[in-house]
Amino acid sequence: MVFQFFALPLRRYYTNMNAREDIRQNSVALLGMTLAELKELALREGLPAFAGRQLAGWIYSKGVPDFAAMSNISIAARKLLSEKYSVGLHGPLRAQHSSDGTSKYLFPTSCGGTVETVFIPDDDRGTACVSSQVGCRMGCRFCATGQQGFGGHLTAGDILNQVYSLPERERLTNIVFMGQGEPLDNLDAVLRATELLMADYGWAWSPRRITVSTVGVRKGLQRFLDESPCHLAISLHNPFSEERAAIMPAERSYPIAEMLELLRHYDWSGQRRLSFEYIVFGTHTQRHARELVRLLGNIECRVNLIRWHRLPETPFAEASPEQMSALRDYLNAHGVRCTIRTSRGQDIDAACGMLNTRRGNDR
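Residues numbered from 1 in each chain as written. Predicted model: local features only at pLDDT ≥ 70, side-chain atom pairs only at ≥ 80, totals over all residues. Heavy atoms only, no water.

(A) Fine view of the overall build of the chain. Within the chain, the regular secondary structure consists of 14 helices and 14 strands. The C-alpha atoms of the chain give 21 Å as radius of gyration, which agrees with the globular expectation for 363 residues (21 Å, within 12%). Within the chain, buried positions represent 57% of all 363 residues. Within the chain, residue pairs in contact and separated by at least 24 positions form 69% of the contacts whose partners lie at least 6 positions apart. If you sum the accessible surface of the chain, you get close to 15900 Å²; carbon and sulfur atoms cover 50% of it. (Helix = DSSP H or I, 4+ residues; strand = E, 2+ residues; numbered from the N terminus. Rg over C-alpha atoms; globule rule 2.2 N^0.38 Å. Buried < 20%, exposed > 50% of the residue type's maximum accessible area, 1.4 Å probe, protein only. Contact = heavy atoms within 4.5 Å. Areas by Shrake-Rupley, 256 points an atom, 1.4 Å probe, with all protein chains shown as cover.)

(B) Spatial organisation of the pattern of salt bridges. Evaluated as defined, the whole model comprises 20 salt bridges. Between lysine 84 and glutamate 45 there is a salt bridge, and its shortest N-O distance comes to 2.8 Å. In this pair, lysine 84 sits in helix 5 (residues 75-84) while glutamate 45 sits in the loop between helix 3 (35-44) and helix 4 (50-61), placing the two residues 39 residues apart along the sequence. Among the residues examined, lysine 84 registers a relative accessible area of 40% and is labelled partly exposed. (Salt bridge = Lys/Arg side-chain N within 4 Å of Asp/Glu carboxyl O.)

(C) Examining the nonpolar core more closely. Ranked by size, the top nonpolar core spans 105 residues in total, and within it Tyr60, Phe142, Leu263, Phe276 and Leu296 carry the most contacts. The dominant element in this core, judged by the number of residues it contributes, is helix 8 (residues 187-198), at seven residues. Ignoring sequence-local partners within four residues, the contact set of phenylalanine 142 consists of His237, Ile247, Met248, Ile279, Phe281, Trp308, Leu311, Phe316 and Gly353. Counting six residues, the second-largest nonpolar core is a separate cluster that includes Val118, Val176, Ile348 and Ala350. (Core = buried A, V, L, I, M, F, W, Y, C linked by side-chain atoms within 4.5 Å.)

(D) Highlighting the packing of aromatic side chains. By the definition in use, this model includes eight aromatic pairs. By way of ring pairs, the aromatic residues Tyr60, Tyr164, Tyr201, Trp203 and Trp205 are connected into one cluster. The lysine or arginine in question, arginine 209, covers the ring of tryptophan 205, its NZ or CZ lying 4.2 Å from the ring centre. For arginine 287, the ring lying beneath its charged end belongs to phenylalanine 240, and the centroid distance is 3.9 Å. (Phe/Tyr/Trp six-rings, centres within 6.5 Å; stacked < 30°, edge-to-face > 60°. Lys NZ or Arg CZ within 6 Å of the ring centre and 35° of its normal.)

(E) Examining the pairing of strand 10 (residues 210-214) more closely. Of all five residues in strand 10, five are buried, a share of seventy percent or more. The alternating pattern of strand 10 places Ile210, Val212 and Thr214 on one face and Thr211 and Ser213 on the opposite face, and all of these are buried. The sheet contact formed by strand 9 (residues 174-177) and strand 10 spans three bridges and is parallel. Bridge pairing links isoleucine 175 to isoleucine 210 in strand 10. Between the parallel elements strand 9 and strand 10, the chain passes through helix 8 in a crossover that is right-handed. (Pairing = 2+ DSSP bridges. Right-handed = clockwise from strand over helix to strand, strands pointing away.)

(F) Expanded view of the environment of glutamate 37. Structurally, the position occupied by glutamate 37 is in helix 3. Between the alpha carbons of glutamate 37 and arginine 53 there is a distance of 10.0 Å; along the sequence they are 16 residues apart. Non-local contacts of glutamate 37, meaning those with residues more than four positions away in its chain, are made with Gly32 and Arg192.

(G) A look at the sheet that holds strand 5 (residues 114-122). With mixed pairing, the ten strands of this open sheet are ordered in space as 3-4-5-6-9-10-11-12-13-14. Of all the strands in the sheet, just strand 3 (94-97) and strand 14 (337-340) have a single pairing partner and so form its edges. Put simply, the sheet's adjacent strands are angled 20° from each other on average, direction ignored. Sheet analysis places strand 4 (residues 103-108) next to strand 5, joined by six bridges and oriented antiparallel. Of the residues in strand 5, the one forming a bridge with serine 103 is phenylalanine 119. (Axes fitted to C-alpha atoms, helices over the stretch in contact; angles between N-to-C directions.)

(H) Local environment of the environment of tyrosine 60. Here tyrosine 60 shows up in helix 4. Assessed through its relative accessible area of 0%, tyrosine 60 is described here as buried. Residues tyrosine 60 and isoleucine 73, 13 residues apart in the sequence, show an inter-C-alpha distance of 16 Å. The contact partners of tyrosine 60, leaving out residues within four places of it in the chain, are Leu30, Leu31, Gly32, Met33, Leu38, Leu160, Tyr164, Leu196, Tyr201, Gly202 and Trp203. One polar contact links the side chain of tyrosine 60 to the main-chain carbonyl oxygen of methionine 33, over a distance of 2.7 Å. (Polar contact = N/O pair within 3.5 Å; in protein donor to acceptor, adjacent residues only side chain to side chain.)

So yeah, pure geometry; function would need other evidence.
This is the structure:
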């Protein structure tokens, strides 16, 4: 069911708004602050503590981008707040729309770069694919974001802005951290953002509607597993350590075998889901299929097969539809639940592995 919240005419706020300029360097954004922090801020500014809850309601439940709209806060208090703070909501700088209904938006960030966010409609579902970093430092050879390099960490406010300022936010049913960046490389911000999405003073979303994806970051994975109830997706892409390391440098610091050993210590039979993302390249063989069954056959999970989207100056070959179907059928026949993910937004470079924003050269 689509989440319903207090709807305001967002065009009234975002029309003729230069979002890049509106991120004021000398103001503190409230988006990304917890209820306790907003109460503390209110007291520090000489306002009653309940003003902090009012602010939380306007920002996280009603999603207003301007203090002027906060009608139950005094005019004097709103003036004081607007002089020192910003709400932190900034509309997209650019939008692109695919022939298949997918939309891609370019958002400004507080670290000075930009990130891309994708909205994917699918019948009664609406999924936002959000970014956690400007670029990425994992260096995966098949990924356009990995080719971009690292440009900075997003704050929790930057992450949430991609959700709250999404033009289709009223249609959202799911959020996946599968955009630009490695979420576990920016774990504090990701955990804070998901906490605020699930908070009872905000959208009160179930963790089952949020999925965090990772290539595997040793110091972040166990912490995520212990602190977050959200779904987890592991970017696998090759079951053999040496072959995986050749395309995913993260394998060298945290081998998939060690990662799986940790994952087996957690219960995946209940509310939280474990999935493996698997790009199928043209070099895939039956040998890879057998190794996938060996690795994953004794863990409760699902595998999502993804078609590789060709990038300039990369040596990889695309798998045929027949190869993908054969792998799906083999895994399902051997007890590993598997589906093929439909490719969306390729004509606007919005499909898996295609997001890239080079500062000063946003495509």
